[in-house]
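Residues per chain are reported as follows:
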Amino acid sequence: MLSLDRVGKTYPNGVRALDGVTLDVELGEIVAVVGGSGCGKSTLLRAVSGLDRPTQGSVKLDGDTILEPHEQIGVIFQEPRLLPWLSVADNVGFGLADRPKEERDARVANALARVGLSEKAGVWPRELSGGQAQRVAIARALVTRPRVLLLDEPFSALDAFTRADLQDQLLGLWADQKPTLIHVTHDVDEAIVLGDRVIVMRPRPGRVADEIEIDLPRPRDRQSAAFDFAKRRVLAALDRSLDRTVSVDERETKTAAGQAMWW
Amino acid sequence: MSRFGRIAFVGCAMSLVQMTITSEPQAAVEPVGASERRARWVQPVIGLLLPVGLAVLWEVIVRMGLASGRLVPPPSVIFNTFLELAQAGELQRHVLVTTGRVAAGFGIGVVAGTLVGAITGYSSLTRRLLDPTLQALRAIPSIAWVPIFILWFGIFETSKITLIAAGVFFPVYLGVMGAIRSVDRKLVEVGRIFRLSDFAMVRRILLPAVLPAYIIAVRSGLGLGWMFVVAAELLGASEGLGYLLIDGQQLGKPAQIVAAIVAFAIIGKLTDWIVVIATAPLLRWEDRFARAEEG
Ligand SMILES: Nc1ncnc2c1ncn2[C@@H]1O[C@H](COP(=O)(O)OP(=O)(O)O)[C@@H](O)[C@H]1O
Ligand SMILES: [Mg+2]
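Just so it is clear, the structure is predicted and the values come from calculations on it, not from any experiment. (Residues numbered from 1 in each chain as written. Chains lettered and ligands numbered in written order. Predicted model: local features only at pLDDT ≥ 70, side-chain atom pairs only at ≥ 80, totals over all residues. Heavy atoms only, no water.)

**Topic: the overall build of chain A**
(1) Moving on: When helices and strands are tallied, chain A shows eight helices and 10 strands.
(2) Moving on: In summary, chain A has a C-alpha radius of gyration of 19 Å against a globular reference of 18 Å for 263 residues, a match within 12%.
(3) Moving on: Dimensions of chain A, computed from C-alpha atoms along their principal axes, come out at roughly 65 × 40 × 30 Å.
(4) Moving on: Evaluated residue by residue, chain A yields a buried proportion of 52% over its 263 residues.
(5) Moving on: For chain A, the proportion of contacts with a sequence separation of at least 24, taken over those separated by at least 6, is 67%.
(6) Moving on: With an accessible surface of roughly 11500 Å², chain A has 50% of that area assigned to carbon and sulfur atoms.
(7) Moving on: When the 35 positive and 39 negative side-chain charges of chain A are each reduced to one mean point, those points stand 2 Å apart. (Helix = DSSP H or I, 4+ residues; strand = E, 2+ residues; numbered from the N terminus. Rg over C-alpha atoms; globule rule 2.2 N^0.38 Å. Buried < 20%, exposed > 50% of the residue type's maximum accessible area, 1.4 Å probe, protein only. Contact = heavy atoms within 4.5 Å. Areas by Shrake-Rupley, 256 points an atom, 1.4 Å probe, with all protein chains shown as cover. Lys, Arg positive; Asp, Glu negative; His and termini not counted. Charge placed at Lys NZ, Arg CZ, Asp CG, Glu CD.)

**Concerning the site of ligand 1**
Residue and element names in this part refer to chain A.
(1) Moving on: Near ligand 1 you find Tyr11, Asn13, Val15, Ala17, Gly36, Ser37, Gly38, Cys39, Gly40, Lys41, Ser42 and Thr43, and these make up its full shell.
(2) Moving on: The separation between an oxygen atom of ligand 1 and a polar main-chain atom of cysteine 39 is 3.3 Å.
(3) Moving on: Contact with the protein chains removes 62% of the 560 Å² of surface that ligand 1 exposes when unbound.
(4) Moving on: Looking at the shell around ligand 1, the element that brings in the most residues is helix α1 (residues 41-49), giving three residues.
(5) Moving on: Residue composition of the shell around ligand 1, grouped by class: four nonpolar, seven polar and one charged. (Near = heavy atom within 4 Å. Polar contact = N/O pair within 3.5 Å; in protein donor to acceptor, adjacent residues only side chain to side chain. Nonpolar A, V, L, I, M, F, W, Y, C, P; charged D, E, K, R; others polar.)

**Quick word on the packing of helix α4 (residues 130-142) of chain A against helix α5 (residues 160-177) of chain A**
All names here are of chain A.
(1) Moving on: In contact at an axis separation of 11 Å, α4 and α5 are set at 15 degrees when each is read in the N-to-C sense. The angle between α4 and α5 falls in the class roughly parallel. Once α4 is placed against α5, the crossing between them reads as right-handed. Of the residues in α5, those in contact with Gly131, Gln134, Arg135, Ile138 and Leu142 of α4 are Thr162, Leu166, Gln169, Leu173 and Gln177.
(2) Moving on: Of the residues contributing to the contact of α4 with α5, the split by class is four nonpolar, five polar and one charged. (Axes fitted to C-alpha atoms, helices over the stretch in contact; angles between N-to-C directions. Parallel < 35°, antiparallel > 145°, perpendicular 65-115°, else oblique. Left-handed = near helix turned anticlockwise from the far one by under 90°.)

**Some remarks on the pairing of strand β10 (residues 207-213) of chain A**
Residue and element names in this part refer to chain A.
(1) Moving on: With six bridges connecting them, strand β9 (residues 197-202) and β10 associate as antiparallel partners. Each bridged residue has a counterpart across the sheet, and for arginine 202 the counterpart in β10 is arginine 207.
(2) Moving on: Where β9 folds back onto β10 in an antiparallel hairpin, the turn is made up of four residues, including arginine 204, whose phi is positive at roughly 50 degrees. (Pairing = 2+ DSSP bridges.)

**Some points on unusual backbone geometry**
Residues and elements named next belong to chain A.
(1) Moving on: At the junction of arginine 204 and proline 205, the peptide bond is cis and its omega measures out at -15 degrees in the coordinates.
(2) Moving on: With respect to the helices and strands, proline 205 occurs in the loop between β9 and β10.
(3) Moving on: The omega torsion of the bond from arginine 218 to proline 219 falls at -5 degrees, within 30 degrees of zero and hence cis.
(4) Moving on: Mapped onto the secondary structure, proline 219 falls in the loop between β10 and α7 (225-241).
(5) Moving on: With a phi angle near 45 degrees, glutamate 153 is a residue other than glycine that sits in the positive phi range.
(6) Moving on: Among the secondary structure elements, glutamate 153 is positioned in the loop between β7 (148-152) and α5.

**A word on the confidence of the model for chain A**
Caution applies to low-pLDDT parts of the model: their predicted coordinates are not meant to be read in detail.
(1) Moving on: Taken residue by residue, chain A gives an average pLDDT of 86. The fraction at 70 or more is 92%.
(2) Moving on: The low-confidence segment residues 247-263 of chain A (pLDDT under 50) makes 23 contacts with residues lying over four places distant or belonging to another chain. (pLDDT = per-residue confidence, 0-100.)

**Some thoughts on the sheet that holds strand β5 (residues 64-65) of chain A**
Residues and elements named next belong to chain A.
(1) Moving on: Read from one edge to the other, the open sheet built from four strands follows the order β2-β1-β4-β5, with strand pairing classed as antiparallel. Of all the strands in the sheet, the pair left with one neighbour each is β2 (16-25) and β5.
(2) Moving on: Sheet topology note: the strand β4 (residues 56-61)/β5 ladder contains two bridges and is antiparallel. Residue pairing for β5: leucine 61 is matched across the bridge by aspartate 64.
(3) Moving on: Along the sheet face, α1 touches β1 (2-10), β2 and β4 and points at about 120 degrees away from the line of β1.

**Considerations on the side chain of glutamine 132 of chain A**
Residues and elements named next belong to chain A.
(1) Moving on: By the element assignment, glutamine 132 lies in helix α4.
(2) Moving on: A distance of 3.0 Å separates a polar atom in the side chain of glutamine 132 from the backbone nitrogen of serine 129.
(3) Moving on: Contacts of glutamine 132, omitting those with residues within four sequence positions, involve Leu117 and Lys120.

**Quick word on the nonpolar core**
Within soluble globular proteins, side chains that are nonpolar generally end up buried alongside one another.
(1) Moving on: Counting residues in each nonpolar core, the largest one holds 78 residues, and the members touching the most others are Leu2, Leu4 and Leu150 of chain A together with Ile205 and Leu241 of chain B.
(2) Moving on: For this core, the leading source of residues is helix α8 (residues 198-234) of chain B, giving 14 residues.
(3) Moving on: If sequence neighbours within four positions are ignored, isoleucine 205 of chain B has contacts with Leu83, Trp85 and Phe94 of chain A together with Leu187, Val188, Gly191, Leu196 and Ala200 of chain B.
(4) Moving on: One finds Ala32, Leu117, Leu194 and Val200 of chain A within the second-largest nonpolar core, a separate group that totals 48 residues. (Core = buried A, V, L, I, M, F, W, Y, C linked by side-chain atoms within 4.5 Å.)

**Quick notes on the environment of glutamine 256 of chain B**
All names here are of chain B.
(1) Moving on: Among the structural elements, glutamine 256 can be located in helix α10 (residues 254-279).
(2) Moving on: Remark: the alpha-carbon pair of glutamine 256 and asparagine 80, spanning 176 residues in sequence, is separated by 9.8 Å.
(3) Moving on: In this structure, glutamine 256 is in contact with Thr81, Leu85, Leu244, Asp247 and Gly248, ignoring residues within four places of it in sequence.
(4) Moving on: A polar atom in the side chain of glutamine 256 sits 2.9 Å from the backbone oxygen of leucine 244.

Structure (structure tokens):
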């Protein structure tokens, strides 16, 4: 189990990016995190990944405090961050350098097949489209079979069609290994397609404002009424997190409802 | 107002852009490619017009007896001197000696510059310790070292090779340190996520990332190596192309001086070209502007 206990982060320049974030995530659970930009989502993931240390509180994976990157925790960033001097296959196998070559080749081939890019194994990263590059990054993160995968707005640079496609692929891959996912996004639809629950964050300082269970069976129909209802709840929580008083200010309620109705 | 509407719209606009991008080259690739290929041949030829024209003009003027060409020998005389030196085996001997000195000094300078540059680039403590001193030493015009090098290492090979190595060291050191410091933090984080050791981080992330800048640094180091070998040989040598220069000056043989200069130009360019060719396979991954023209 991954547990965050009153995690706070104050940057050296005095910005309080996180304050008292407490969160328990079960193995295999998918937690979506939404919130406007600047409310500490990336800071939160960097603390969980061990890339940065929190200034208060602690992050623990099965009781081990995370202070450094952990072999059971993988990360997918907003940009693919492929190494341009390695072929696609070598990028995917980057974390398997200590494995025997046959095992590495087999696992890389398998991971590439799972993201539908077997025929790109030999090409350079510069020859990939944005969506393909991000799929390679997903393969690179999953090929080491981490128990926790952290994703920081991984699809936000992609067009809407590619994005929906990758959401479905990610769910397929998750079903294989059932890692714990913490998926940061600013796309409410994405949060509801993926998450077992949606954590809504609020800024200055970054805190958990609300938590919404998404009790829908997978695969989730983006057009269904239940989906729409869940989305309305998340949007309302987002409105509340920004201190827009939903019940009093009717115009804001309409905005949220209107967004939900658009699909 | 509707953020989802905008996303969908952006999606459409992007695929339109993609369509335009992919459809354009199909129509335009032939004429553009052909004219570019022509441009690649024509441009150097245009560049040659002036020097070749002047050389031919000077040859004609001297042949017509309008000038003696004693101090500025015409091309045919230079060419003959070159041939004579080569036939006597003199040219090869001097070229070999000079090239050997450059090779030794270049080797030492590159190894030292790479090691010190990598360490100071990676560790900020070492950088704060060493860099100010090295920057101060770099500010000294390197020729100023010659007297003290001669005092310390004698008039023979050691002082010459030391001078060349010092000249090669600084561009390599600066290039490696600067390149390592400017490696994209985002790629370093990928290495951290996969828990690379310090050594693996240098070998698997930092060195490949700095390779393009490193090769440029090595090439400028090589250029300086050739400059410094001239300085070293001018200041006292009994062999080498620099000796040919001095010998030509003292015996009043301008054609020999120009022939030696031409030899310098040829092997300088040749060695640079060897570095470029030898390292090209290491840089195939680079997404360079120039590559777009090749395809
Ligand atoms: N390295 C940093 N140094 C100082 N302030 C930072 C740094 N990174 C982020 N911040 C600040 O912390 C806050 C939260 O940032 P971030 O976690 O990136 O938010 P989000 O990912 O939700 O957009 C912002 O106000 C941002 O300006
Ligand atoms: Mg962010």
